[in-house]
Amino acid sequence: MNSNNFYERVYDIVRQIPEGRVTSYGAIARALGAGGSSRMVGYALQVCGGAYPPVPAHRVVNRVGLLTGKRAFGSPTMMAQLLENEGVSVTDDQVVDFDRLFWDPGGVLGG
DNA sequence: GTGGTGACGTATA
DNA sequence: GTATACGCCACCA
């Protein structure tokens, strides 16, 4: 399994995020068994640039829908634009209707 | 091997 | 409800 590494664990889940949806670090962390290690999730996404297939890190935000990792895309607005490209509205670096667009990785992986 | 850091989340005052 | 402190654990020096 290529998911033996912690990073790929995160990548695998993030890539499961459907288009036009978003999720939180905590949800991903719990899905991979990290639970309170939500910080490691974002850390992994920061270096997702060397992962393949590419990881839609722009679909991952904090638990309030805030685009905290926007700076990891090279531009402070790139993350928001990528989301808008998929139909996700973003205001003030914050996802609109986050609760509605929220996607639970465990709800799919768990079957 | 030890110390510091971090795209977060939870608990406490 | 707002503000502060802690924990969590993998990566880097």
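The preceding data block contains the structure.
Residues numbered from 1 in each chain as written. Chains lettered and ligands numbered in written order. Predicted model: local features only at pLDDT ≥ 70, side-chain atom pairs only at ≥ 80, totals over all residues. Heavy atoms only, no water.

**Some details on the pattern of salt bridges**
Then, in step 1: All told, the structure shown has 2 salt bridges when counted by the stated rule.
Then, in step 2: In this structure, Glu 86 engages Arg 59 in a salt bridge whose closest nitrogen and oxygen atoms are separated by 2.7 Å. In this pair, Glu 86 is assigned in the loop between α4 (78–85) and β3 (90–91) and Arg 59 in the loop between α3 (38–46) and β2 (60–61), connecting sequence segments 27 residues apart.
Then, in step 3: With a relative accessible area of 19%, Glu 86 lands in the buried category.
Then, in step 4: Here Lys 70 and Asp 93 are joined by a salt bridge, their closest N and O atoms 2.4 Å apart. Here the residue Lys 70 occupies a position in the loop between β2 and α4, and Asp 93 occupies one in the loop between β3 and β4 (94–95), the gap between them amounting to 23 residues. (Salt bridge = Lys/Arg side-chain N within 4 Å of Asp/Glu carboxyl O. Helix = DSSP H or I, 4+ residues; strand = E, 2+ residues; numbered from the N terminus. Buried < 20%, exposed > 50% of the residue type's maximum accessible area, 1.4 Å probe, protein only.)

**Examining unusual backbone geometry**
Most peptide bonds adopt trans geometry, and most residues besides glycine take a negative phi value.
Then, in step 1: Residues Tyr 52 and Pro 53 are joined by a peptide bond in cis, for which omega reads 0 degrees.
Then, in step 2: Structurally, the position occupied by Pro 53 is in the loop between α3 and β2.
Then, in step 3: Even without glycine at this site, Asp 93 takes up a positive phi of about 60 degrees.
Then, in step 4: Positive phi values are uncommon outside glycine, yet Asp 97 reaches one of about 55 degrees.
Then, in step 5: If you trace the backbone, Asp 97 turns up in the loop between β4 and α5 (98–101).

What is shown is where atoms sit, not what they do.
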